[in-house]
Amino acid sequence: MPATARPTQAHSHAGGQAGTKPKPYNPRHPERTLLYQTIAEHFETWHELASAGQFDGQGDHHSPRPYVRQAFRKYLECGIFAHGFARAWCDDCGHDYFVAYSCKGRGVCPSCNTRRMVETAAHLCDHVFPRLPVRQWVLSVPKRLRYFMQRDGAVLNMVLRIFLRVIAQSLQDHCAGAAQVDKAALHIGAIAFIHRFGSSLNGHVHFHVCAVDGVFEEVAVAGEADAQSSSPSIVFHPASAIDEAAVAQVQADLRRRILRAFVGRGLIEKTDAKEMLGYQHSGFSVDTGVCIGAHDRAALERLLRYCARPPFAMDRLRKEGESLVYRCAKQHSEPSSDKRGARVDELHLTPLELIERIAALVPPPRTHRHRYFGVLAPNSPLRAAVTAQAAPAKQVVVQTEPAATGEGAPAVAPLGHAISPTPAPVPPKRSPAHYLWAVLIARIYEVFPLLCPMCGGQMRLIAFITEGTQIRRILDHIGVDSEPPRISPARGPPLWDDCSDAQTGEGVAAEPDWDLAAQPAPDYEVDQRINW
């Protein structure tokens, strides 16, 4: 996916009015950011040290995973024109500009992480979640249990299933309209986001579940000749009275069921589980404080972006002297201090420590970061009926029945009572989960880069340049650096650098050559022919 525009050209605003010049779009320059410069300068050194097991907590796994190294290497090529670009062209006035390629990574690159976050939230808001209330359920477990969830996918799946079953039971109990309905006919609709990180760049496995605030009942269609071929009918029962007492009951049920499951798998002792049940502050936490209204789609999309957010934010990183400072708290919160006056919501890291923390949060390939459940699951027979309610209700212009003159007249008819309009040409199929890069930029920054900044016309991509010789010729011609940023090789400790360039000043004694210094005789003779 193209990532950014050529620095010498301007872009336009998506909402520019006719006759006015569109707002320029400011492209990003990843090589100028602090994160890029830090990784380019210290990544190879970190990789050599990590391969030798120089960082705490590595255990027997000295070498970093191959996908971690690949994620960092792809990030160093993301948005760099020297690694290839596409050409956008305006057919009206002939204006053109270049768009650099992106890495499409999901672990290191802030730009691609943001694109994936926005694309996920847009798809779920536009095509998946019906226009019904949505509540966020958040579950956090004790650190003792997170260890097993972090390292064993089966244990993580087990805890997530228990969480969803308790949510379903709680929603069924708080739906007054479904009190007399068979529990087997009631279904929830939920999407679970698995977070493996905390706000301080640490490993912290927890769940964010966005569930429709109620249950769906499948209703059998009577009088149909072929009931199996017809789409099923559903009835939604909204939930109510989910207060603090209900949340406390959910938390108690989760604590009991999860500990029992860990004991059943032999991960903890029965006596330890019994002791954890008696703790006043057990480490289990459930939060349901966020509930989005049925028609507040903007708030729903903000919530989904929060749930699909990447592990770190580049705008929270800054440099102070020789160290890097990462702010852990939210931007609108005020920094707090401990008794010594140090800010407790900031991390002071060396470049190698920052890279180490980011590397630990890179997700493995082909690992889903969010999952669908209930009527929103891909194999649910009710999914089509539920997701159809995600689209806004519209009025359609149709052709009415022919009049006495034999001619039709256009009219407006509500959905469900309209006659089928004249079939239009079918566009090529495209997955609704994938958005064009220009559409995503317009959705984030409210600018549309494929509107010509000169005439306001529509631009299109006409070429993709990937061959090295052509890239250098074109970039040299337009005055853009054709060489990628320098990636520093691995090096030793700082005191070893530039030793050969050191000069001795006046009043400073020269360092003796210790190889020529006389060595004291050993206390006893050692026959090196026998004892090496």
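Before reading on, note that the structure itself is shown above.
So, a few notes on the structure that sits alongside this text. Here the structure is a predicted model, which means the values were calculated and not measured.

Parameters at a glance
- Residues numbered from 1 in each chain as written.
- Predicted model: local features only at pLDDT ≥ 70, side-chain atom pairs only at ≥ 80, totals over all residues.
- Heavy atoms only, no water.
- Helix = DSSP H or I, 4+ residues; strand = E, 2+ residues; numbered from the N terminus.
- Buried < 20%, exposed > 50% of the residue type's maximum accessible area, 1.4 Å probe, protein only.
- Contact = heavy atoms within 4.5 Å.
- Axes fitted to C-alpha atoms, helices over the stretch in contact; angles between N-to-C directions.
- Parallel < 35°, antiparallel > 145°, perpendicular 65-115°, else oblique.
- Left-handed = near helix turned anticlockwise from the far one by under 90°.
- Nonpolar A, V, L, I, M, F, W, Y, C, P; charged D, E, K, R; others polar.
- Pairing = 2+ DSSP bridges.
- Phe/Tyr/Trp six-rings, centres within 6.5 Å; stacked < 30°, edge-to-face > 60°.
- Expected span 1.5 Å × (residues − 1).

**Some thoughts on the overall build of the chain**
Okay, step 1: In terms of regular secondary structure, the chain is built from 12 helices and 18 strands.
Okay, step 2: Within the span of the chain, comprising 532 residues, buried residues form 41% of the whole.
Okay, step 3: In the chain, the proportion of contacts linking residues at least 24 apart, taken out of those at least 6 apart, comes to 69%.

**A word on the packing of helix α4 (residues 143–151) against helix α6 (residues 244–264)**
The relative placement of two packed helices is expressed as an angle between their axes plus a distance between the axes.
Okay, step 1: Close contact between α4 and α6 brings their axes to 12 Å; oriented N to C, the two are set at 60 degrees. The orientation of α4 relative to α6 falls into the category oblique. Note on packing geometry: the crossing formed by α4 with α6 is left-handed. Taken together, the residues of α6 that come into contact with α4 (itself represented by Leu145, Phe148 and Met149) are Ile258, Leu259 and Phe262.
Okay, step 2: Residue classes in the contact of α4 with α6 are distributed as 6 nonpolar, no polar and no charged.

**Concerning the sheet that holds strand β5 (residues 186–187)**
Where strands meet in a sheet, backbone hydrogen bonds hold them as pairs that are either parallel or antiparallel.
Okay, step 1: Overall, antiparallel pairing links the 3 strands, which are arranged β5-β8-β9 in an open sheet. Taken across any chain shown, the strands that pair with only one partner, and hence form the sheet edges, are β5 and β9 (233–238).
Okay, step 2: Summarising the sheet, strand β8 (residues 214–219) and β9 pair through 6 bridges and their orientation is antiparallel. Residue phenylalanine 216 lies in a different strand from β9, and its bridge partner there is phenylalanine 236.

**Some points on unusual backbone geometry**
Peptide bonds are, in most cases, trans, and in most cases residues other than glycine have a negative phi.
Okay, step 1: The phi dihedral of lysine 104 is positive, around 60 degrees, even though this residue is not glycine.
Okay, step 2: Of note, lysine 104 is situated in the loop between β3 (96–101) and α3 (110–128).
Okay, step 3: Notably, arginine 366 is not glycine yet its phi reads approximately 60 degrees, a positive angle.
Okay, step 4: Looking at where arginine 366 falls in the secondary structure, it is placed in the loop between α9 (351–360) and β15 (370–374).

**Examining the packing of aromatic side chains**
Okay, step 1: Within the structure shown, the criterion is met by 9 aromatic pairs.
Okay, step 2: Here phenylalanine 43 and phenylalanine 72 contribute two aromatic rings whose centre-to-centre distance is 4.9 Å and whose plane-to-plane angle is 25 degrees, an arrangement assigned as stacked. Residue phenylalanine 43 is located in helix α1 (residues 34–51), and its partner phenylalanine 72 is located in helix α2 (residues 66–75); the two are separated by 29 residues in the primary sequence.
Okay, step 3: Under the relative-accessibility criterion, phenylalanine 43 is labelled buried at 0%.
Okay, step 4: Ring geometry for tyrosine 147 versus phenylalanine 148: centroids 5.4 Å apart, planes at 85 degrees, classification edge-to-face.
Okay, step 5: Tyrosine 147 sits in the partly exposed class, given a relative accessible area of 47%.
Okay, step 6: Taken together, the aromatic side chains of Phe43, Trp46 and Phe72 make up a single cluster linked through ring pairs.

**Brief notes about α6**
Okay, step 1: Here α6 spans 30 Å end to end across 21 residues, near enough to the 30 Å set by a 1.5 Å rise per residue.
Okay, step 2: For α6, the full list of buried residues reads Ala246, Val247, Val250, Asp253, Leu254, Arg255, Ile258, Leu259, Ala261 and Phe262.
Okay, step 3: The secondary structure elements touched by the buried residues of α6 are β4 (134–140), α4, α5 (153–173), α7 (270–277) and β10 (285–287).
Okay, step 4: Among the residues trailing α6, glycine 266 stands out with phi positive, at a value near 75 degrees.

**A short note on the packing of α5 against α6**
Okay, step 1: It is at 10 Å that the axes of α5 and α6 come closest, and there the two elements cross at 150 degrees. Between α5 and α6, the interaxial angle falls into the category roughly antiparallel. The handedness of the crossing between α5 and α6 is right-handed. Note on element contacts: α6 touches α5 through Val250, Asp253, Leu254, Arg257, Ile258, Ala261 and Phe262, opposite Val155, Met158, Val159, Ile162, Phe163, Arg165, Val166, Gln169 and Ser170.
Okay, step 2: Split into classes, the residues belonging to the contact of α5 with α6 amount to 11 nonpolar, 2 polar and 3 charged.

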